[in-house]
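# Analysis of the macromolecular model
The lines below spell out each chain.
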Amino acid sequence: MRNSDLFARVGGDEFVLLFKNMNKENAKAKINSIKLQLENIVDFSFGLKEFKYDNEISLDELLKEVDIKMYTQKRRLLLGGRSLLGGD
C-alpha cells in the first residue's frame, strides 16, 4: 500500500480500502495482488467502485453500493466461482 491509501475497519469483519488517485483497473489489480499475498492466510470478497470527488453521492450511498457488490461476489464464491478479478 502507498502512504496515500487508507485502510479502515468499518465493523465486524468488514474493512474499507481507499486508493486515492487510482482508477478502477489499477485498484482491481492491487486488490488481486493483495489477495495473492494473503492466499494461504485468509480469503476475502470485495466490492469495487471508482469514485470521483465531484460525484453527487453520499458516503453512505457509496458504501452501500460497494457492499452490494461484495455480497454479490460472496454468492458467486459459494456457487463455486473464483474470487480473483471479481468485486466489480
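Please read these numbers as outputs of a predicted model, since none were measured by experiment. (Residues numbered from 1 in each chain as written. Predicted model: local features only at pLDDT ≥ 70, side-chain atom pairs only at ≥ 80, totals over all residues. Heavy atoms only, no water.)

Before going further, it helps to spend a moment on helix α2 (residues 59–78). Between the first and last C-alpha of α2 there are 29 Å, a value that for 20 residues agrees with the 28 Å anticipated at 1.5 Å per step. Among all positions in α2, only Leu62, Met70 and Gln73 are buried. Angular distribution of buried residues about the axis of α2 spans 65 degrees; they occupy a single face of the element. The outward face of α2, more than 90 degrees from its buried face, is lined by the exposed residues Asp60, Lys64, Ile68 and Leu78. (Helix = DSSP H or I, 4+ residues; strand = E, 2+ residues; numbered from the N terminus. Expected span 1.5 Å × (residues − 1). Buried < 20%, exposed > 50% of the residue type's maximum accessible area, 1.4 Å probe, protein only. Arc of directions from axis to C-beta.)

A word on the confidence of the model for the chain. In the predicted model, the chain carries a mean pLDDT of 81, and 89% of its residues have values of at least 70. The secondary-structure element of the chain with the lowest mean pLDDT is α2, recorded at 81, while helix α1 (residues 24–38) shows the highest, at 91. (pLDDT = per-residue confidence, 0-100.)

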